[in-house]
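Secondary and tertiary structure notes
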Amino acid sequence: MLWLALALAPPVSASTPAAFGDLLSQADALRSADPARFEVLLARLTERVHEATPAQRELLDYLKAYRLGYTGRFDLAIEAGTRLFETSSDPAIKVRAGGLVVSSRAVTREFVEGLVFLDKVLALVEQVDDAEVRHHAWAAAGVIHNQVGQYAQAVHYVELLQADGVQGRTRCFTGVLRLESLGFLDAAPEDPAEFQSVIDYCLSQGETMLANFGRVHLAAKLAADGQVPVAVSLLESRLGEIEATGYPRLLGEVHARLARLKLSLGWREAADAHALRAVANSSGIANTQVLVQAHEVLYENALARGDAAATLQHYRQYAEAERAWLDQVKARELAYQMARHESLQKSQTIELLNRQNDVLRLEQQVAAKTAEANRLLIGLLALLAASVFYWAYKVKRMQVSLRTMAQTDALTGVSNRHHFTQTAEALLEACRRGGADAGLVMLDLDHFKAINDQYGHAAGDWALRQVAEACQAACPPDGRVGRLGGEEFALLVVNQDLASVVGLARECRKRIASIDARGAGHAFALTASFGVAGSRSGGHDFDGLLARADDALYRAKREGRDRVCVHMPGSHADAPSPASR
Ligand SMILES: Nc1nc2c(ncn2[C@@H]2O[C@H](COP(=O)(O)OP(=O)(O)OP(=O)(O)O)[C@@H](O)[C@H]2O)c(=O)[nH]1
């Protein structure tokens, strides 16, 4: 019955127009129904393998692996199926190849490997669109669980198949598998009609052998319900047909069942005959329950006959078969537990790795967020610093501009009186400390009122700017020019003797006298009177120096204007000094 499960593997449609694809589809479709034709097609396909697309080549590989299993070379089928499972990227091919491996492992009783592989196959099932391929995986799961005595699990997979609307051979096979598994669970369906519908469906699909397995389970149910004669006649009516199949497992099952049924009816000789047939058919099948049942019947009959030697012999065989069967039950249970343990370990390892991955991912996210926050913080700080610098710069500029405004005469751009006084005092103090000479030139425009009156204030302003400019141009770099008020200016000169300061005053006088008012559209002449005082005659005190220069200036005015007068000690309590141009 096991290898029949492999035959359930569904055909997969090979969608290529080429003849190769058609042949491949044919081979796939009839691989279990017509093994001889399948062999022929497989040989032809192998010759023309160069025509195959990669997908077709994989399908051909699968069919070859299937053929290995079909012809009993399970180790090779497992090897080929495993290779295909590992290399293919097509979930449908993977599931088919994996199903083949699982079913073959069930046949070779490598249950641990089969169950572990089954987990890999089942993990792919949801990716498969083809329902038949999916059914194949579930059917393989049902078979191997039935084989390891996990009947509830087997029933679970069968019911999955039924809920998914399984049809054809798979529906027949899994229907029988369910009856068998429920029988082992002592949970056989109450209604014999349920057995009959499985049998009828299998017959409608031409699955006579499976229908007869169904009848064996129905017979067991009838016997349990006390209808032993009905059960016997059910099996006997099909005995010829069953014998004709020559399938030892089915024959063993049927004869063992008939032996037990007939013994319960007291038909000892017939029971013996069936038991012997059951033993004969089970000779190649180790550790089966059929042998236990058959030897039990033989032993009970020998005991009833009072044949001590035969009783002993059959009892020994019965005990041996039962021990072997129980050993197998234990071995299967152990295999199942080992497989579950291995799967659990794998899934725990995967879970652990997933957790580690989660932690790593979270760490990366945290690092990324921290970096982002740092970037943001740096950006904010940079912005803050920039705005602090900007405002500091603005404030500084404003301070500078306010200070300049406070120190500068708005009309002429030279120092105003207050600033000039401060600067001059500082410079004079430095000269005094350094023992250097300094001098002060004061100048006042001549008859300026007349210019204002005659040409207007704008012309007067223009004239004042020209005068300031002329004085600035003549003043040495370490000197200072200031507007003392109205049309009165002053120049402070440091580190120079009186003669140089007088020279500077004369230079200024010349420059002012040469200002050409026609540039401003007027025709007036500009002159100024100058008073000069030096530090050597009266000290470095600014007020004293200013008073002395003013005194000389007053004298220049008095003496006719447009001239330079130097303060001489003695004039204005000091002696008068000569005027000069
Ligand atoms: N345009 C203009 N005129 C000014 C300014 N400051 C003072 N003045 C004028 O300067 C003139 C000074 O006149 P006065 O003090 O009589 O002196 P002056 O006419 O130059 O005569 P002397 O100094 O004696 O030669 C006045 O008419 C003031 O109004 C100014 O900023 N702009």
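Definitions and cut-offs
- Residues numbered from 1 in each chain as written.
- Predicted model: local features only at pLDDT ≥ 70, side-chain atom pairs only at ≥ 80, totals over all residues.
- Heavy atoms only, no water.
- Helix = DSSP H or I, 4+ residues; strand = E, 2+ residues; numbered from the N terminus.
- Buried < 20%, exposed > 50% of the residue type's maximum accessible area, 1.4 Å probe, protein only.
- Contact = heavy atoms within 4.5 Å.
- Areas by Shrake-Rupley, 256 points an atom, 1.4 Å probe, with all protein chains shown as cover.
- Near = heavy atom within 4 Å.
- Polar contact = N/O pair within 3.5 Å; in protein donor to acceptor, adjacent residues only side chain to side chain.
- Nonpolar A, V, L, I, M, F, W, Y, C, P; charged D, E, K, R; others polar.
- Phe/Tyr/Trp six-rings, centres within 6.5 Å; stacked < 30°, edge-to-face > 60°.
- Lys NZ or Arg CZ within 6 Å of the ring centre and 35° of its normal.
- UniProt positions renumbered as here; feature names shortened; annotations may be inferred.
- Disulfide = S-S within 2.5 Å.
- Salt bridge = Lys/Arg side-chain N within 4 Å of Asp/Glu carboxyl O.
- Pairing = 2+ DSSP bridges.

Let us now look at the overall build of the protein. Along the protein, the regular secondary structure elements total 24 helices and six strands. Across the 581 residues of the protein, 46% fall into the buried class. A separation threshold of at least 6 residues defines the contact pool for the protein, and within that pool the share at least 24 residues apart is 62%. Accessible surface for the protein amounts to roughly 28400 Å². Of this, 55% is attributable to carbon and sulfur atoms.

Moving on to unusual backbone geometry. Even without a glycine there, the phi angle at Asp 186 is positive, about 55°. As for its position among the elements, Asp 186 is in the loop between helix 10 (168-184) and helix 11 (192-204). Located in the positive-phi region is Arg 561, a residue other than glycine, with phi close to 70°. Within the element layout of this structure, Arg 561 appears in the loop between helix 24 (542-558) and strand 5 (564-566). The class for Arg 561 is partly exposed, based on a relative accessible area of 28%.

On to the site of the ligand, then. The full set close to the ligand counts 16 residues, and His 447, Phe 448, Asn 452, Arg 483 and Arg 561 are the nearest of them. Phe 448 is positioned with one of its backbone polar atoms (N or O) 2.8 Å from an oxygen atom of the ligand. Take His 457: an N or O atom from its main chain is 3.2 Å from a nitrogen atom of the ligand. Per element, the largest residue contribution to the shell around the ligand is four residues, and it comes from helix 21 (residues 457-474). Residues belonging to the shell around the ligand are distributed by class as follows: three nonpolar, five polar and eight charged.

Looking now at the packing of aromatic side chains. Across all of its chains, the model carries 11 aromatic pairs by this definition. Ring centres of Phe 213 and Tyr 247 lie 6.3 Å apart, and the angle between their planes is 75°; this geometry places the pair in the edge-to-face category. Taken together, the residues Phe 213 in helix 12 (residues 208-224) and Tyr 247 in the loop between helix 14 (239-245) and helix 15 (248-264) connect sequence positions 34 residues apart. Taken together, a centroid distance of 6.2 Å and an interplanar angle of 65° make the contact between Phe 420 and Phe 542 edge-to-face. With Phe 420 in helix 19 (residues 417-434) and Phe 542 in helix 24, this pair connects stretches of sequence that are 122 residues apart. We classify Phe 420 as buried; its relative accessible area is 0%. One aromatic cluster in this structure is built from Tyr 299, Tyr 315 and Tyr 318. Residue placement shows Lys 94 over the ring face of Phe 85; its charged tip is 4.9 Å from the ring centre. Positioned above the aromatic ring of Tyr 201 is the side chain of Arg 171, whose terminal nitrogen or guanidinium carbon lies 3.7 Å from the ring centre.

Turning to the UniProt feature "transmembrane region" (unreviewed entry) in the protein, a few remarks are in order. Look at the UniProt record and you will see "transmembrane region" (unreviewed entry) annotated at residues 376-393. With 100% helix and 0% strand, the stretch residues 376-393 has end C-alpha atoms that lie 25 Å from each other.

Following the criterion strictly, the structure yields one disulfide and no others. Here Cys 471 is not cross-linked by a disulfide; its sulfur's nearest cysteine counterpart is in Cys 508, at 4.4 Å.

Enumeration according to the criterion identifies 31 salt bridges in this entry. The residue Glu 86 makes a salt bridge to Lys 120 at a minimum N-O spacing of 3.8 Å. In this pair, Glu 86 is assigned in helix 5 (residues 74-87) and Lys 120 in helix 7 (residues 111-125), connecting sequence segments 34 residues apart. Overall, Glu 86 belongs to the partly exposed group, its relative accessible area being 48%. The class of Lys 120 is partly exposed, set by a relative accessible area of 35%. Between Arg 277 and Glu 243 there is a salt bridge, with its nearest N and O atoms 2.9 Å apart.

Let us now look at the environment of Met 209. Note that Met 209 resides in helix 12. What makes Met 209 partly exposed here is its relative accessible area of 22%. In sequence terms Met 209 and Ile 199 are 10 residues apart; their C-alpha atoms lie 9.9 Å from each other.

The next thing to look at is the pairing of strand 2 (residues 480-485). Of the strand pairs in this sheet, strand 2 and strand 3 (residues 488-494) are connected by five bridges, and their pairing is antiparallel. Residue pairing across strands places Arg 483 opposite Phe 489, the latter belonging to strand 3.

Another aspect to go through is the environment of Asp 28. As for its position among the elements, Asp 28 is in helix 2 (residues 19-29). Given the relative accessible area of 0%, Asp 28 is considered buried. Expressed as a C-alpha distance, the spacing of Asp 28 and Leu 59, which sit 31 residues apart in the sequence, is 8.6 Å.

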